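Chain by chain, the residues run as shown.
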Amino acid sequence: MGRSRRTLPEELLLLALDPTTGTTAQPQSLDLGLAGAQLVELALAGRIAPDGDRIAVVMPRPTGDPTLDSALELLRRRGSPVRAVHWIGGPRLGLRQIYLSHLERCGMVHAVAGQMCGVLPTTRYQATETAISRDIRARLDSAIRTGVPPDPRTAALAALAHAVGLGKHLYPGNEGRSSRSRLRDLIRHDPMGGLVAHAVMDVQNGAAAQPRRNPTAPGASRQPAAVAMQTRHGSMARVAAH
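Residues numbered from 1 in each chain as written. Predicted model: local features only at pLDDT ≥ 70, side-chain atom pairs only at ≥ 80, totals over all residues. Heavy atoms only, no water.

Visitor: Which parts of the structure should I look at to understand the pairing of strand S1 (residues 48-51)?
Guide: The two faces of a sheet get side chains in turn, since along a regular strand they alternate between them. In the sheet, S1 pairs with strand S2 (residues 54-57) via four bridges, with the strands oriented antiparallel. Bridge pairing in S2 links Asp51 to Arg54. (Pairing = 2+ DSSP bridges. Helix = DSSP H or I, 4+ residues; strand = E, 2+ residues; numbered from the N terminus.)

The following block contains the structure:
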């Protein structure tokens, strides 16, 4: 996989990064979204495919991206298709920090050390390649503004942004209400993105135990609940401030 294009987890994280504060919006649900974005990226690369509400490995060959390949190997070891909601809700700690550190190594963000309450060490991240962040945002804005069905990558990014609750971060206030509604509606334009986005919302709503019927049906989306997944969050020496 070439590096000329950012992966969906990277794009989702850059969307969530506040350029003023250096913090990430929706930090608790963002880890879930990043796990889902990995699935969509692997599907776009032809490594996995949806099987109902499950995910099946169809080509175990590595992509060349270490973080994606780690996820692909874990899926391969399962031996049989796994429900997307169970995969996304699994206890993989620190995924957000892994991608922040990766973006720092790539020169996409700059880490700024600080302290919380004058005691606890924290790390904030400032975007350095702002043109890329603007391009990502422009793709979403165009899809929302024009109403033209977006490409699968942009549709999946929109679905994930909605699922983790980034709508109010990207399109705040009453003036952004219609844009948030259209962002939610874009979920129907990519079956894999829709499956994963609904799985992210199900995990947040505590509905992981129940199988989902027709996850990509129009009108089936729900607003994400602000429920923290305790299994996903441990103490980290370097954290993006919440």
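Visitor: Help me out: how do you make sense of the packing of helix H1 (residues 8-16) against helix H7 (residues 152-163) in this one?
Guide: The geometry of a pair of packed helices is captured by two quantities: the angle between their axes and the separation between those axes. Packing of H1 against H7 brings their axes to within 10 Å, and their N-to-C directions diverge by 50°. The pairing of H1 with H7 is recorded here as oblique in orientation. Taken as a pair, H1 and H7 cross one another with a handedness that is right-handed. Along the contact surface, H1 presents Leu8, Glu11, Leu12 and Leu15, while H7 presents Arg153, Ala156, Leu157, Leu160 and Ala161. Partitioned by chemical class, the residues of the contact of H1 with H7 number seven nonpolar, no polar and two charged. (Axes fitted to C-alpha atoms, helices over the stretch in contact; angles between N-to-C directions. Parallel < 35°, antiparallel > 145°, perpendicular 65-115°, else oblique. Left-handed = near helix turned anticlockwise from the far one by under 90°. Contact = heavy atoms within 4.5 Å. Nonpolar A, V, L, I, M, F, W, Y, C, P; charged D, E, K, R; others polar.)

Visitor: Quick question: what am I supposed to make of the nonpolar core here?
Guide: Note on soluble globular proteins: their nonpolar side chains tend to be buried together. Counting 62 residues, the largest nonpolar core has Leu39, Ile48, Ile88, Leu166 and Met192 as its most contacted members. When residues in this core are grouped by element, the largest group, nine residues, is from helix H2 (residues 27-44). (Core = buried A, V, L, I, M, F, W, Y, C linked by side-chain atoms within 4.5 Å. Buried < 20%, exposed > 50% of the residue type's maximum accessible area, 1.4 Å probe, protein only.)

Visitor: Would you explain helix H6 (residues 130-146) in this entry?
Guide: Helical geometry note: an α-helix holds 3.6 residues per turn, so side chains three or four residues apart project in the same direction. Taking 1.5 Å of rise per residue, the 17 residues of H6 would be expected to cover 24 Å, and the 24 Å separating its terminal C-alpha atoms lies within 8% of that figure. Those residues of H6 that sit buried are Ser133, Ile136, Leu140, Ala143 and Ile144. Angular distribution of buried residues about the axis of H6 spans 105°; they occupy a single face of the element. Residues of H6 that are exposed and angled more than 90 degrees away from the buried face: Arg134 and Arg145. Of the surrounding secondary structure, the elements contacted by the buried residues of H6 are H1, strand S5 (120-127), H7, helix H8 (167-170) and helix H9 (177-185). (Expected span 1.5 Å × (residues − 1). Arc of directions from axis to C-beta.)

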